Amino acid sequence: SLDVLIIILLVTSLGIAFSFNKNIRNTPNSFSTGQYIIYMFSFAIGLSFSFDKINIDIVPILLFFAFVQYGSVILHLILSKINDIDGNISIITSTAGIYGPAFIVPVANAIKDKKVILPGIICGIVGYAIGNYLGISLSLVLEKFL
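Quick caveat: nothing in here was measured; it's all calculated off a predicted structure. (Residues numbered from 1 in each chain as written. Predicted model: local features only at pLDDT ≥ 70, side-chain atom pairs only at ≥ 80, totals over all residues. Heavy atoms only, no water.)

*Asks:* Just to check I follow, could you spell out the pattern of salt bridges for this structure?
*Replies:* One pass over the structure, following the stated rule, counts one salt bridge. With its nearest N and O atoms 3.4 Å apart, the salt bridge here joins Lys115 to Asp113. Taking the relative accessible area as the measure of exposure, Asp113 reaches 6% and is therefore buried. (Salt bridge = Lys/Arg side-chain N within 4 Å of Asp/Glu carboxyl O. Buried < 20%, exposed > 50% of the residue type's maximum accessible area, 1.4 Å probe, protein only.)

*Asks:* How should helix H7 (residues 117-145) be read in this particular structure?
*Replies:* Given 3.6 residues per turn, any residue in an α-helix points the same way as the ones three and four places further on. Helix length check: H7 (29 residues) gives 41 Å between terminal C-alpha atoms against 42 Å at 1.5 Å per residue, within 8%. Considered for burial, the residues of H7 that qualify are Ile117, Gly120, Ile121, Gly124, Ala129 and Ile136. (Helix = DSSP H or I, 4+ residues; strand = E, 2+ residues; numbered from the N terminus. Expected span 1.5 Å × (residues − 1).)

*Asks:* What is the right way to read the packing of helix H5 (residues 87-98) against H7 from this model?
*Replies:* Running from N to C, H5 and H7 point in directions that differ by 30°, and their axes come no closer than 8 Å. Taken together, H5 and H7 sit at an angle that is classed as roughly parallel. H7 is crossed by H5, and the crossing has right-handed handedness. Where H5 approaches H7, its residues Ile92, Thr93 and Ala96 are matched on the opposing element by Gly120, Cys123 and Gly124. Along the lines of polarity and charge, the residues of the contact of H5 with H7 split into three nonpolar, three polar and no charged. (Axes fitted to C-alpha atoms, helices over the stretch in contact; angles between N-to-C directions. Parallel < 35°, antiparallel > 145°, perpendicular 65-115°, else oblique. Left-handed = near helix turned anticlockwise from the far one by under 90°. Contact = heavy atoms within 4.5 Å. Nonpolar A, V, L, I, M, F, W, Y, C, P; charged D, E, K, R; others polar.)

*Asks:* Looking at this structure, I do not really get the packing of aromatic side chains. What am I missing?
*Replies:* Given two aromatic rings, one states the distance between the centres and the angle between the planes to describe the pair. Tallying each qualifying case throughout the model produces two aromatic pairs. Ring centres of Phe64 and Phe65 lie 6.1 Å apart, and the angle between their planes is 45°; on these two criteria the pair is classed as tilted. (Phe/Tyr/Trp six-rings, centres within 6.5 Å; stacked < 30°, edge-to-face > 60°.)

Shown next as structure tokens:
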């Protein structure tokens, strides 16, 4: 509904606005607290999954999601190769684009490159903000024509 769209845009806009406040940006343990909240949210979403709800009607949707997921990773890697982007940067930005900033730290730890954490988190957060605005705008435009 429209209320949900307004809330999403309001939270996104306030998050961007508050990010310019130095006191909020430098709050101790804010990163750890945010990571904990994201992990708990992800855990709760995972627990709500039910295999009983899967039926044959959902297969085309799952295939579409798989195509988009793997297609975007392949496209990202091809463009990284064409533009001669470092492998670690490609992995981190792909992770930020697909999974979001919550997964940057574990991936950076896995590839043993701590210097890509900050750029990866920035890419993920900026991607969320742009994605929220573009996604909602596209939804409203398509609603007018469909």
